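Each chain, written out:
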Amino acid sequence: FTSQVLLMGKSGSGKTSMRSIIFANYIARDTRRLGATIDVEHSHVRFLGNLVLNLWDCGGQDTFMENYFTSQRDNIFRNVEVLIYVFDVESRELEKDMHYYQSCLEAILQNSPDAKIFCLVHKMDLVQEDQRDLIFKEREEDLKRLSRPLECVCFRTSIWDETLYKAWSSIVYQLIPNVQQLEMNLRNFAQIIEADEVLLFERATFLVISHYQCKEQRDVHRFEKISNIIKQFKLTSFQSMEVRNSNFAAFIDIFTSNTYVMVVMSDPSIPSAATLINIRNARKHFEKLERVDGPKHSLLMR
Amino acid sequence: FLTLFSPSFRPFHVEPTNIVSVNDDTQRVTDEASAMNKRIHYYSRLTSPADRALIAPDHVLPAPDEIYVYSPLGTAFKVDNCTDGYGKNSSIVTIFMIWNTMMGTSILSIPWGIKQAGFTSGIILILLMGILTLYCCYRVVKSRKMIPLIDTSNWEFPDVCKYYFGSFGQWSSLLFSMVSLVGAMVVYWVLMSNFLFNTGKFIYNFVHDINVTDIVPGTNGSNKVICPSAASSHPPQNRSVMFSSGNNTGFELFEEWWNKSQTVPFYLIAVLLPLLNLKSPSFFAKFNVLGTVSVVYLVFLVTVKAAHLGIHLEYNWFTENDFFVPEFRILFPQLTGVLTLAFFIHNCVITLLQNNRNQENNVRDLSIAYFLVGLTYLYVGVIIFASFPSPPLSKECIEQNFLDNFPSDDIMSFVARIFLLFQMMTVYPLLGYLARVQLLRQFFGNAYPSIFHVLVLNVAIVGAGVAMAKFYPNIGGIIRYSGATCGLAFVFVYPSLIYMISLHRAGQLTWPALIIHIFIILLGLANLIAQFLL
């Protein structure tokens, strides 16, 4: 009885690469050669507590897959919290893509009417820079119109710039319960320990859930960069990390069951032990916040 | 309990670009490039090496930075990037590129400089200054090699200054670089006004078939040489007398609206200010060849004129007479000031030599280039000076821009002026772009923060040019002041000081080296001070 996040889209639209990048999984190349992703075994990608990520190719397969998909439809679309639908911006079969999208929406309406819908217009790097806004706006209008009565939120993404990271961060942000309260507590925590910046990462993806900074930071790409750096360590498994030089000290550690925390102190004279003790104490407090809403509620946004 | 480091901890090296230091120096890598680097690094861990799925396609990788080189009064052009470290230019091409970059409008002031210093001392000074600036240039080229433990392969000389002198080195090299650029742009404006004026006058006279005799002393005959500055001491002002029946009032109206210092400098604004605001001047870099053509034509012009005028030399060692100047004059620092800028290439010599195919020939090729540059200057200067018709005119008449000594209806100098006018119009936006990039990047972190910033900067530079053209159009003066100033830093002080410091750090500083280089620094200082005193 786990809730799922569906990642769907036409075969070849980039879902497997996306999952690999966001969740730091090695890409399973074999599925690609088969021509379709058959996620029959549930992937073990869990995040935000009890959410499971499942990938499905939707549309464009041969008859066998088509039948399999149709017969399994109710199973596939049950207990869906979030549907993320990926469109390849370069696709030449816009009508067909929309058709498959709409049939997925029908299934959602029948089986999980409360699901949140996100549409990603992907591979935007293949579009010329000065055309991107225009093309995205067109697609967004079409998708919003076709999705009625359901509402969808659209993002334009590419794995070659920060848009993919930002889109997934927004999606995950919207899935966190009581996020404002979380931010307030984070701010208090940061101010008490006199940190320059405190970040809360989702544990599986290292997407930034919430952050507090006490002054302007120069590098706007720092969240994605940190995420990419840490995910490389995650591939070799790690638990915590301390980075320091003469100007700063940064601590990355497991925080709650769903999150990691990163604390940046610009006063390197404060001993590490002090900060680590503070983090440990704060941990208990934040765990309580999460537990209050319970595992089931942690996923519902009502 | 809490493990601070995971069991398989290995020290993780973070590139300096990613550490933000407290004094926040300008980074060598943009944020976007750094983020892309991390992204690619991470993606490569996600797949096996044989898999092509997450390999960055060409269109997402940032384009290499454009590199421009310039010599203040010479040429500016874009350097082609060589992807495999070293360049593919043969020695001849490298020598030509150095010669081409250095040669420029300072050639117009060399005869005047020789006149100010005296004929013999002028020749000696050209040779000595050439050798001195060549040695300092050699020091600049070698300066990177003396830095231990750091990869300096893409450093230019300002980066070396920053390494040795910290942010003072960075700011001062920016300041002196600005002096050379703005000084050059002001000289260009004055010269462009001059050439545009003379061109317009020639065309007007030609079209209206006017035979003009300027009331200025000049030679008679077909190869007329005039002495414009002598006229200013005569009661009637420098107006022309018309010898053809034409529309008197039309001509006067023309003279009123087409005036060298009052109106023409302003007309240039309409053409050049818009060009300065362009984001990328790479279009103008294509006109590089005009510089070479102009110089070659000038050499040709000088030879032809000398052939017609003959040689007029008389040796008076220390005394002055009506027509000749002494061989050694106290005003010689004015020549050294001009020569400092004429032989200036120290800000970009490293980049130019980088593309040399056989790097071990760098010093030899640099020396050959300097020799050729010196020869060109010497030839033009000596020939103009020697052939200047001295019995009717005095050598004192030689103008700071020797083309001014030829009347506006002289065809050969008309052609020379047109070439130079076009060449300067194409180099001017490039110099403006380089000034803008260096200044705005240093202050605002961005080469084009907004049209407003860029416009303010451009108006300031153009304003300086117009003001000079109106009130002080003496290019010899402007060249020697700005030359001595920026030369002080880049030619004399920094190379010598850096050499002495690096020797001292390596424990190899000897007394002769110390004395010689301190002497060089003192020469540079004396050069600058003498400009103001004499």
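Parameters at a glance
Residues numbered from 1 in each chain as written. Chains lettered and ligands numbered in written order. Predicted model: local features only at pLDDT ≥ 70, side-chain atom pairs only at ≥ 80, totals over all residues. Heavy atoms only, no water. UniProt positions renumbered as here; feature names shortened; annotations may be inferred. Helix = DSSP H or I, 4+ residues; strand = E, 2+ residues; numbered from the N terminus. Buried < 20%, exposed > 50% of the residue type's maximum accessible area, 1.4 Å probe, protein only. Contact = heavy atoms within 4.5 Å. Areas by Shrake-Rupley, 256 points an atom, 1.4 Å probe, with all protein chains shown as cover. Axes fitted to C-alpha atoms, helices over the stretch in contact; angles between N-to-C directions. Parallel < 35°, antiparallel > 145°, perpendicular 65-115°, else oblique. Nonpolar A, V, L, I, M, F, W, Y, C, P; charged D, E, K, R; others polar. Disulfide = S-S within 2.5 Å. Phe/Tyr/Trp six-rings, centres within 6.5 Å; stacked < 30°, edge-to-face > 60°. Lys NZ or Arg CZ within 6 Å of the ring centre and 35° of its normal. Core = buried A, V, L, I, M, F, W, Y, C linked by side-chain atoms within 4.5 Å. Pairing = 2+ DSSP bridges. Patch = residues over 30% accessible without salt bridge, like charges linked within 9 Å, V, L, I, M, F, W, Y side chains within 5 Å. Salt bridge = Lys/Arg side-chain N within 4 Å of Asp/Glu carboxyl O. Expected span 1.5 Å × (residues − 1). Right-handed = clockwise from strand over helix to strand, strands pointing away.

- The name given to chain B in an unreviewed UniProt entry is Neutral amino acid transporter 9, with the source organism recorded as Ibidorhyncha struthersii.
- Word for word, the UniProt comment on chain B under Sequence similarities (unreviewed entry) is "Belongs to the amino acid/polyamine transporter 2 family. SLC38A9 subfamily."

- Under an unreviewed UniProt entry, chain A has the name Ras-related GTP-binding protein and belongs to Ibidorhyncha struthersii.
- What UniProt records for chain A under Catalytic activity (unreviewed entry) is the sentence "GTP + H2O = GDP + phosphate + H(+)".
- Per its UniProt entry, chain A bears the Function (unreviewed entry) comment "Guanine nucleotide-binding protein that plays a crucial role in the cellular response to amino acid availability through regulation of the mTORC1 signaling cascade."

1. Focus: the overall build of chain A
Here comes step 1: Looking only at helices and strands, one finds 10 helices and 11 strands in chain A.
Here comes step 2: Burial status across chain A gives 55% buried among its 302 residues.
Here comes step 3: Considering only residue pairs separated by 6 or more positions, chain A has 68% of its internal contacts joining residues 24 or more positions apart.
Here comes step 4: As presented, chain A carries roughly 14,600 Å² of accessible surface, and 51% of it is formed by carbon and sulfur atoms.

2. A word on the packing of helix α2 (residues 91-102) of chain B against helix α9 (residues 289-309) of chain B
All names here are of chain B.
Here comes step 1: Following both chains from N to C, one finds α2 and α9 inclined at 75°, their axes separated by 10 Å at the closest point. It follows from the interaxial angle that α2 and α9 lie roughly perpendicular. Contacts from F96, W99 and N100 in α2 reach G291, T292 and V295 in α9.
Here comes step 2: Split into classes, the residues belonging to the contact of α2 with α9 amount to three nonpolar, three polar and no charged.

3. Some words on the state of the cysteines
Residues and elements named next belong to chain B.
Here comes step 1: All chains considered together, the criterion is met by one disulfide over all chains.
Here comes step 2: Here C227 connects covalently by a disulfide to C397, the sulfurs 1.8 Å from one another. On the S-S bond that ties C227 to C397, the torsion sits near -85°, and the link is left-handed. Taken together, the positions of C227 in the loop between β3 (212-214) and α6 (228-231) and C397 in the loop between α12 (362-387) and α13 (411-444) put the pair 170 residues apart, joining distant regions of the chain.
Here comes step 3: A relative accessible area of 2% means that C227 is categorised as buried.
Here comes step 4: For C397, a relative accessible area of 8% translates into the label buried.

4. Details of the packing of aromatic side chains
Here comes step 1: Across all of its chains, the model carries 33 aromatic pairs over all chains by this definition.
Here comes step 2: Measuring from centroid to centroid gives 5.3 Å for F87 of chain A and Y101 of chain A, while their planes differ by 70°, and the two rings are edge-to-face. On the criterion of sequence distance, the pair formed by F87 of chain A in strand β4 (residues 80-88) and Y101 of chain A in helix α5 (residues 94-111) is long-range, its members being 14 residues apart.
Here comes step 3: Look at Y164 of chain B and F165 of chain B: their rings are 6.5 Å apart centre to centre, the planes differ by 50°, and that puts the pair in the tilted class.
Here comes step 4: Overall, the relative accessible area of 19% leaves F165 of chain B in the buried class.
Here comes step 5: These aromatic residues form a ring-pair network of at least three members: W155, Y163, Y164, F165 and Y494 of chain B.
Here comes step 6: Over the ring of Y481 of chain B we find R480 of chain B, and its NZ or CZ is 4.7 Å from the ring centre.

5. What to know about the environment of Y163 of chain B
Residue and element names in this part refer to chain B.
Here comes step 1: Within the secondary structure, Y163 sits in helix α5 (residues 157-207).
Here comes step 2: Expressed as a C-alpha distance, the spacing of Y163 and I498, which sit 335 residues apart in the sequence, is 9.8 Å.
Here comes step 3: In this view, Y163 contacts I147, P148, I150, W155 and R505; residues no more than four positions away in its chain are not counted.

6. Things to note about unusual backbone geometry
Residue and element names in this part refer to chain A.
Here comes step 1: The amide bond that connects R148 to the next residue, P149, takes the cis arrangement and shows omega of 5°.
Here comes step 2: Structurally, P149 can be placed in the loop between α6 (132-147) and β6 (152-156).
Here comes step 3: At K123, a position not held by glycine, the phi torsion is positive, near 65°.
Here comes step 4: Considering the arrangement of structural elements, one finds K123 in the loop between β5 (116-122) and α6.

7. Details of the nonpolar core
Here comes step 1: M192, F402, L403 and Y428 of chain B are the most contacted members of the largest nonpolar core, which has 140 residues in total.
Here comes step 2: Of the residues forming this core, the biggest block, 22 residues, is contributed by α5 of chain B.
Here comes step 3: When residues no more than four places from it in sequence are discounted, the contact partners of L403 of chain B are L108, F195, L298, L301, S413, A416, R417 and L420 of chain B.
Here comes step 4: In this structure, F118, A167, A204 and A250 of chain A belong to the second largest nonpolar core, which totals 74 residues.

8. Focus on the sheet that holds strand β10 (residues 249-254) of chain A
Residue and element names in this part refer to chain A.
Here comes step 1: If you trace the five strands from one edge of the open sheet to the other, you get β8-β7-β11-β10-β9, paired in antiparallel fashion. Only two strands of the sheet have a single neighbouring strand rather than two, namely β8 (208-213) and β9 (241-244). Looking at each pair of strands side by side, their axes are set apart by 10° on average, direction ignored.
Here comes step 2: Sheet analysis places strand β7 (residues 197-202) next to strand β11 (residues 259-265), joined by six bridges and oriented antiparallel. In the strand pairing of β11, E202 is matched with T259.
Here comes step 3: Lying over the sheet, helix α8 (residues 179-193) contacts β7, β8 and β11, oriented at roughly 40° with respect to β8.

9. Here we look at the environment of I40 of chain B
Here comes step 1: Checked against the element boundaries, I40 of chain B lands in helix α1 (residues 31-44).
Here comes step 2: On the accessibility criterion, I40 of chain B (30% relative accessible area) is partly exposed.
Here comes step 3: Each C-alpha atom, one on I40 of chain B and one on I55 of chain B, is 7.8 Å from the other, the two residues being 15 residues apart in sequence.
Here comes step 4: Leave out the neighbours within four places in its chain, and I40 of chain B touches W160 of chain A together with A56 and L61 of chain B.

10. Considering a nonpolar patch on the surface
Residue and element names in this part refer to chain B.
Here comes step 1: Residues I124, L128, I311, L313, Y315, W317, F318 and F328 make up a contiguous nonpolar surface patch of about 840 Å² in total accessible area.
Here comes step 2: Within the secondary structure layout, L313 lies in the loop between α9 and α10 (333-342).
Here comes step 3: The class of L313 is partly exposed, set by a relative accessible area of 31%.

11. Some thoughts on α13 of chain B
Here comes step 1: Taking 1.5 Å of rise per residue, the 34 residues of α13 of chain B would be expected to cover 50 Å, and the 48 Å separating its terminal C-alpha atoms lies within 8% of that figure.
Here comes step 2: A large share of α13 of chain B lies buried, amounting to 25 of its 34 residues.

12. Quick notes on the sheet that holds β5 of chain A
Strand pairing within a sheet occurs via backbone hydrogen bonds; the two strands may be parallel or antiparallel.
Residue and element names in this part refer to chain A.
Here comes step 1: In spatial order, the strands read β2-β3-β1-β4-β5-β6; together these six strands make up an open sheet with mixed pairing. Where the open sheet ends on each side, the last strands, each with one partner, are β2 (46-47) and β6.
Here comes step 2: Contacts from α5 reach β1 (3-9), β4, β5 and β6 within the one sheet, and its direction differs from that of β4 by about 175°.

13. Some details on the pairing of β6 of chain A
Every other side chain in a regular strand lies on the same face of the sheet, so the side chains alternate between the two faces.
All names here are of chain A.
Here comes step 1: Note: β5 against β6, five bridges, orientation parallel. Paired with C119 across the strands is C154, a residue of β6.
Here comes step 2: Read as a crossover between parallel neighbours, the route from β5 over α6 to β6 is right-handed.

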